[in-house]
Amino acid sequence: MFQVIVIIAIILAVIIAAVLIMAATKPDRFSVQRSAVINAPAEKVFPLIADFHEWRKWSPWEDRDPDLKRTYGGTERGKGAIYAWEGNRNVGSGRMEILEANSPSLVKIQLDFLKPFEAHNIAEFTILPQGNATHLSWVMSGPARFVSKVMQVFMSFDKMIGKDFEAGLAKIKSVSEK
């Protein structure tokens, strides 16, 4: 019986060591990017992103908690605008602040998640006019702490977050093209 326990302990130690080694090989930064072409001028797309009050129309996370608590602060929109949220386990809690808002081409946001995991990232929306259409790119990047590297051994951040970006871009497209 003792030998069985020793063998199980050795196997578990090898598995844990393998996971930790794989995690250590993950990059120190992560980036998730998605883009879409919207059949509307950049001047119509930009305000949906540079005004946090407009995010209720398109953010993929807004509908995941009917009791989501929202707080707005700083400037009304653009640079200095602040949006904080506190919700259920599907949305957690956090804070965003617009660091740059160059109409109609760029919105850069400091994105701080507090729950369920603390993380400090940058979200950047690049809005490029293309004739009567707009190419919109949404990128989130930040440091990959060791615990997130361990998570990345088992799941792809790009696939997990990317599907939310795709849903948000589809909603921005729908709202903008009306």
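A brief report on the enclosed structure follows. (Residues numbered from 1 in each chain as written. Predicted model: local features only at pLDDT ≥ 70, side-chain atom pairs only at ≥ 80, totals over all residues. Heavy atoms only, no water.)

Examining the pattern of salt bridges
Inclusion rule: We define a salt bridge as a contact between a side-chain nitrogen of Lys or Arg and a carboxyl oxygen of Asp or Glu at a distance within 4 Å. Elements are defined by DSSP. Helices are runs of H or I of four residues or more, strands are runs of E of two residues or more, and each kind is numbered from the N terminus. Summary of the burial criterion: residues with accessible area below 20% of their type's maximum are buried, those above 50% are exposed, and those between are partly exposed, where the area comes from a 1.4 Å probe applied to protein chains only.
Overall, the coordinates contain 10 salt bridges when judged by the stated rule. Across the pair R34 and D158 runs a salt bridge whose closest N-O atoms are separated by 3.1 Å. Of this pair, R34 sits in strand β1 (residues 29-38) while D158 sits in helix α4 (residues 157-176); the two residues are 124 residues apart in sequence, bridging distant segments of the chain. Accessibility expressed as a relative area gives 33% for D158, which makes it partly exposed. A salt bridge links R64 to D164, with the nearest nitrogen and oxygen atoms 2.6 Å apart. Of the two residues, R64 sits in the loop between α2 (42-50) and β2 (69-74) while D164 sits in helix α4, which places them 100 residues apart along the sequence.

Regarding the side chain of R34
Spelled out, the test is: Residue contacts are counted whenever heavy atoms from the two residues lie within 4.5 Å of one another.
Classification of R34 as buried rests on a relative accessible area of 17%. Discounting residues that sit within four places of it in the chain, R34 has contacts with L136, S137, W138, D158, G162, F165, E166 and L169.

Observations concerning the side chain of N121
The residue N121 is located in strand β6 (residues 119-130) in this model. In contact with N121, other than residues within four places in its own chain, are F30, I109, Q110, L111, F113, M140, S141, G142 and P143.

Things to note about the packing of α2 against α4
For the record, the criterion: Interaxial angle, 0 to 180 degrees, is taken between N-to-C directions of lines fitted to C-alpha atoms, where a helix line uses only the stretch in contact. The cut-offs work like this: below 35 degrees is roughly parallel, past 145 is roughly antiparallel, 65 to 115 is roughly perpendicular, and the gaps in between are oblique. Note on convention: near helix rotated counterclockwise from far helix by under a right angle means a left-handed crossing. Clockwise means right-handed. When residues are sorted by character, Ala, Val, Leu, Ile, Met, Phe, Trp, Tyr, Cys and Pro go into the nonpolar class, Asp, Glu, Lys and Arg into the charged class, and all the rest, Gly among them, into the polar class.
The interhelical angle for the contact between α2 and α4, taken along N-to-C directions, is 130°, at an axis separation of 10 Å. Classified by the angle their axes make, α2 and α4 are oblique. Crossing of α2 against α4: the hand is right-handed. Residues K44, V45, L48 and I49 of α2 lie in contact with α4, whose contacting residues are I172, V175 and S176. When its residues are assigned to classes, the contact of α2 with α4 shows five nonpolar, one polar and one charged.

Focus: the packing of helix α1 (residues 2-24) against helix α3 (residues 146-154)
With their axes 8 Å apart at the nearest point, α1 and α3 run at an angle of 110° to one another. The angle between α1 and α3 falls in the class roughly perpendicular. Within the contact between the two elements, α1 uses V19, L20, M22, A23 and A24 and α3 uses F146, K149, V150, V153 and F154. Residue composition of the contact of α1 with α3, by class: nine nonpolar, no polar and one charged.

Focus on the pairing of strand β7 (residues 133-143)
Put simply, the rule reads: Pairing between strands requires that DSSP locate at least two bridges from one strand to the other.
Of all 11 residues that make up β7, nine are buried, and the element is covered over most of its length. Sheet topology note: the β1/β7 ladder contains 10 bridges and is antiparallel. Looking at β7, one finds that I38 is bridged to T134. Bridge count for β6 against β7 is nine bridges, and the pairing is antiparallel. For L128, the partnering residue across the bridge sits in β7 and is H135. The loop that links β6 with its antiparallel partner β7 comprises two residues; one of these, G131, has a positive phi angle of about 65°.

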